[in-house]
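Okay, here's what each chain looks like letter by letter:
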Amino acid sequence: MSEYLLLLIGTVLVNNFVLVKFLGLCPFMGVSSKLESAIGMSMATTFVLTLASVLSYLVNQYLLLPFDLDYLRTMSFILVIAVVVQFTEMLVQKTSASLYRALGIYLPLITTNCAVLGVALLNINEKHNFFQSAVYGFGAAVGFSLVLILFSAMRERLAAADVPLPFRGGAIAMITAGLMSLAFMGFTGLVK
Amino acid sequence: MSGIFIAIILLTVLALFFGLLLGFAAEKFKVEGDPLVDQLEALLPQTQCGQCGYPGCRPYAEAIANGDKINKCPPGGAATMEKLADMAGVDPEPLTATEEVQIKKVAYIREDECIGCTKCIQACPVDAILGTGKLMHTVITDYCTGCDLCVEPCPVDCIDMLPVTQNIKTWDWKLNAIPVKTIDEDVKC
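An account of the accompanying structure is given in this report.

Calculation notes
Residues numbered from 1 in each chain as written. Chains lettered and ligands numbered in written order. Predicted model: local features only at pLDDT ≥ 70, side-chain atom pairs only at ≥ 80, totals over all residues. Heavy atoms only, no water. Helix = DSSP H or I, 4+ residues; strand = E, 2+ residues; numbered from the N terminus. Buried < 20%, exposed > 50% of the residue type's maximum accessible area, 1.4 Å probe, protein only. Contact = heavy atoms within 4.5 Å. Areas by Shrake-Rupley, 256 points an atom, 1.4 Å probe, with all protein chains shown as cover. Core = buried A, V, L, I, M, F, W, Y, C linked by side-chain atoms within 4.5 Å. Polar contact = N/O pair within 3.5 Å; in protein donor to acceptor, adjacent residues only side chain to side chain. Buried area = accessible area lost by both parts, 1.4 Å probe. Salt bridge = Lys/Arg side-chain N within 4 Å of Asp/Glu carboxyl O.

The next point concerns the overall build of chain B. Along its length, chain B carries six helices and four strands. Secondary structure elements of chain B occur, N-terminal to C-terminal, as α-α-α-α-α-β-α-β-β-β. Scored against the burial criterion, the 189 residues of chain B give a buried share of 27%. Long-range pairs, those at least 24 residues apart, make up 46% of the contacts in chain B between residues at least 6 apart in sequence. Accessible surface, chain B as shown: approximately 13,500 Å² in total, 59% of it carbon and sulfur.

What follows is the structure in structure tokens.
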């Protein structure tokens, strides 16, 4: 049990996918200007990441490995991810129209969110079993959500701040993201 | 050679399976029309007045969903505008209609500063200022139209334009909105 907890905390804080591994930066910069849409995006990504992580593991373990088709890994994983994203899009459109509108193009773009494919491939590389894959995917998603929501809250505050003219907009957001990344590097000492 | 065929067959089967799954989901989670338009229309007052420039509330809801301004509905007022802003995910804006309506103001003479020069009395087009030479003047607020013409001539600047706060006495019954026809009693139909 403690092994899974350690894996979860390690993925959320120490090996945070956005700020330490630098995966999934597109939605991190793109959807973080409003807190509400950031929360919506986090929930959608959490759903997709966890499901895609588990499904990719199953596809790899029970379809690709028995037939010695390791070289088709990337292709079939992208197929799995695309299906899960499409499914999520239908779900969001049905349940919350305003969220669907707020997320806009970024919802289908989860397909190309490299954190999703990254989690699926890292699961194989690190030889995780089924439950470890699920925890790893969920942890990556929680880490992504945590950072995205924190960052969007900061950006909402920044919008009201008196920023020097050359730093307005994207520039100050980049600097903030860099400082956040530095702060998250500090978690390296948490797990020995 | 057979390895390639196995790979092709496997991927085809996988794609077919996922395709079927998505097709099933699309049928199950089908959305009729644009749900955002329905929700926006539910917020509009359904007066079908056309003051927004569209032939009714439904066309205006569709226009908002396509990015039109949310402040074109005077019957709904500020409350509806705020709900629309919330639903459409844009910032609230002041209503176009309320910008033009100005707050009614009346002139007020600070009586202890008035020197009784009668210059404002001569300027007043509606004879709403009462007073005479070397005695202080005052404004009959019921007659004052808020035209500002008396402010300029006053040599001691003792005239203020005060906004009228609405209370029981200043309540506008809008009685002139009811058409009144005077019938001459002598004329027999």
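There is more to say after this.
This part takes up the nonpolar core. In terms of nonpolar packing, the biggest core is built from 55 residues, with L19(A), F28(A), I110(A), V116(A) and V147(A) touching the most fellow members. Those elements that place two or more of their residues in this core are helix 1 (2-14), helix 3 (35-64), helix 4 (73-95), helix 5 (97-103), helix 6 (114-125), helix 7 (130-160) and helix 8 (170-185) of chain A together with helix 1 (2-28) of chain B. Residues within four places of V116(A) in sequence aside, it is in contact with V48(A), L49(A), A52(A), I81(A) and I110(A). Formed by 18 residues, the second largest nonpolar core is a distinct cluster that contains A97(A), L44(B), C57(B) and Y60(B).

Our next topic: the side chain of D68(B). Residues and elements named next belong to chain B. Mapped onto the elements, D68 comes out in the loop between helix 3 (57-65) and helix 4 (77-88). Reaching out from D68, the side chain makes a polar contact with the side chain of K72 at a distance of 3.2 Å. Ignoring sequence-local partners within four residues, the contact set of D68 consists of Y54, Y60 and A63.

What follows deals with the interface of chain B and chain A. Contact with chain B, which involves 22 residues of that partner, is made by 22 residues of chain A. Together, the buried faces of chain B and chain A total about 2,000 Å²; carbon and sulfur atoms form 80% of this surface. Three residues stand out in chain B for area buried against chain A, namely L10(B), F18(B) and F29(B), and they jointly supply 28% of the buried area on that side. The interface formed by chain B and chain A holds zero salt bridges in total.

Quick look at the pattern of salt bridges now. Residue and element names in this part refer to chain B. Counted according to the given criterion, the structure contains eight salt bridges over all chains. R58 serves as the salt-bridge partner of D38, at 2.7 Å between the closest nitrogen and oxygen. Highlighted residues: D38 in helix 2 (residues 35-43) and R58 in helix 3, separated in sequence by 20 residues. Classification of D38 as partly exposed rests on a relative accessible area of 37%. Between E41 and R58 there is a salt bridge; the shortest N-O distance is 3.0 Å.

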